[in-house]
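Architecture at a glance
Residue strings, one per chain:
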Amino acid sequence: MLKIENLHAEIDGKPILKGLSLTVNAGEIHAIMGPNGAGKSTLGYVLGGRPGYEVTEGSITFDGQDLLEMEPHERAAAGVFLGFQYPVEIPGVSNVQFLRESLNAQRGARDEKPLSGAEFLKLARAEATRLEMDAEMLKRPVNVGFSGGEKKRNEMVQMGIISPKFAILDETDSGLDIDALRIVGDGINRIMRQPDKSVLLITHYQRLLDYVKPDVVHVLADGRITRTGGPELAQQLEREGYAEVAA
Ligand code: ADP
Ligand code: MG
Ligand code: MG
């Protein structure tokens with residue numbers, strides 16, 4: 001589904017990714033772990049097509065298409081979903097408006113007809129209920145005044161509504177208490193643990209991986225993948241630290 005080869009990327013002329021290669025097949029969940037500043041979020045942004053991140057070498061193909069040639073909205077329409085480490089606040093735009101517009105833009109790109117307000121609200125309420133989010137939050141401006149945990153949960157509601165083919169989730173576990181972690185973990189499994197979907201789960205800690213069992217675990221250090229293994233690699237990292245395991 002996703003094939004990254006020898007990816008080099010820089011921000012403001014500063015090299016951050018330095019020859020990163022990674023293949024994710026359909027139906028797989030891959031965890032990316034690594035020390036602070038390794039380039040994990042940068043990888044997410046490059047995949048999402050965020051401006052300011054310049055790819056200087058290498059390639060990314062998604063479902064056989066050249067992802068780097070696609071605009072961010074084309075990537076989203078093709079089924080790429082990016083969950084942010086720091087979800088943005090959008091004052092003046094309600095959550096339902098935002099979610100409905102995101103979904104309908106993507107349906108439009110696939111020649112599917114837009115959902116009406118009523119159809120959409122039904123879908124959004126059902127998804128909020130599944131993620132144990134108060135449906136009242138759907139009416140509030142996007143993420144404004146939401147706690148860290150509420151933002152992450154809101155992001156999972158968005159993912160459930162959009163049902164992407166490929167999700168990159170950047171530290172979705174940060175700021176979550178134990179109950180929220182379980183709810184979010186269950187959500188990721190329910191929405192994304194399917195034969196035609198894949199996930200890149202970026203995390204510092206093993207704890208989310210107790211809920212969402214990765215098929216493959218990678219260590220990203222200094223802009224490259226330095227180790228790849230199974231779930232046991234995450235446990236080894238937790239015990240021994242990155243300096244020992246990934247140097
Ligand atoms: P991680 O998510 O693994 O903690 P990041 O991808 O956020 O790491 O950052 C990788 C490196 O890029 C860090 O050294 C960080 O300081 C640097 N970096 C990130 N954004 C910028 C920016 N806008 N300008 C300059 N350097 C940046
Ligand atoms: Mg970080
Ligand atoms: Mg980061």
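Residues numbered from 1 in each chain as written. Chains lettered and ligands numbered in written order. Predicted model: local features only at pLDDT ≥ 70, side-chain atom pairs only at ≥ 80, totals over all residues.

**Description of the site of ligand 1**
Around ligand 1 sit I11, D12, K14, I16, G34, N36, G37, A38, G39, K40, S41 and T42, and those are all the residues in its vicinity. Only β2 (14–24) and α1 (40–48) provide two or more residues apiece to the shell around ligand 1. The element best represented in the shell around ligand 1 is α1, accounting for three residues. By residue class, the composition of the shell around ligand 1 is three nonpolar, six polar and three charged. (Near = placed C-beta within 6 Å. Helix = DSSP H or I, 4+ residues; strand = E, 2+ residues; numbered from the N terminus. Nonpolar A, V, L, I, M, F, W, Y, C, P; charged D, E, K, R; others polar.)

**Focus on the nonpolar core**
If you look at the biggest cluster of nonpolar residues, it comprises 63 residues, and the most contacted ones within it are A167, V199 and L201. Broken down by element, this core gets its largest block of residues, seven residues, from helix α6 (residues 178–192). Discounting chain neighbours no more than four positions away, the residues touching L201 are I29, H30, A31, I32, L169, L208, V212 and P214. (Core = buried A, V, L, I, M, F, W, Y, C linked by C-beta atoms within 7 Å. Buried ≥ 20, exposed ≤ 12 C-beta atoms within 10 Å, placed from the backbone. Contact = placed C-beta atoms within 7 Å.)

**Details of the sheet that holds strand β5 (residues 65–66)**
The strand order β2-β1-β4-β5 describes an open sheet built from four strands, whose pairing is antiparallel. What marks the edges here is a single partner per strand, and that holds for β2 and β5. Direction of pairing for strand β1 (residues 2–11) relative to β2: antiparallel, over a ladder of eight bridges. Residue I4 lies in a different strand from β2, and its bridge partner there is L22. (Pairing = 2+ DSSP bridges.)

**Quick notes on the environment of H73**
Relative to the helices and strands, H73 resides in helix α2 (residues 72–77). In sequence terms H73 and G49 are 24 residues apart; their C-alpha atoms lie 8.9 Å from each other.

**Side note on the sheet that holds strand β11 (residues 216–221)**
The strands that make up a sheet pair up through hydrogen bonds in the backbone, lying either parallel or antiparallel. Strand order in the open sheet formed by six strands is β6-β9-β10-β3-β11-β12, with mixed pairing between adjacent strands. The open sheet has two edge strands with one neighbour each: β6 (80–83) and β12 (224–229). Across the sheet, the mean angle from the axis of one strand to that of its neighbour is 20°, orientation sign disregarded. Packing of α1 onto the sheet brings it into contact with β3 (29–33), β6, β9 (166–170), β10 (198–202) and β11, and relative to β9 it is tilted by some 145°. The strands touched by helix α7 (residues 231–240) within the sheet are β3, β11 and β12, with β11 carrying the most contacts at an inclination of about 45°. (Axes fitted to C-alpha atoms, helices over the stretch in contact; angles between N-to-C directions.)

**Notes on helix α5 (residues 148–162)**
Here α5 contains 15 residues, and its C-alpha end-to-end distance of 21 Å stays within 8% of the 21 Å for a straight helix at 1.5 Å per residue. Residues of α5 that are buried: K152, R153, N154, E155, M156, V157, Q158, M159, G160 and I161. On its buried side, α5 packs onto β6, α3 (95–109), α4 (117–130), β9 and α6. (Expected span 1.5 Å × (residues − 1).)

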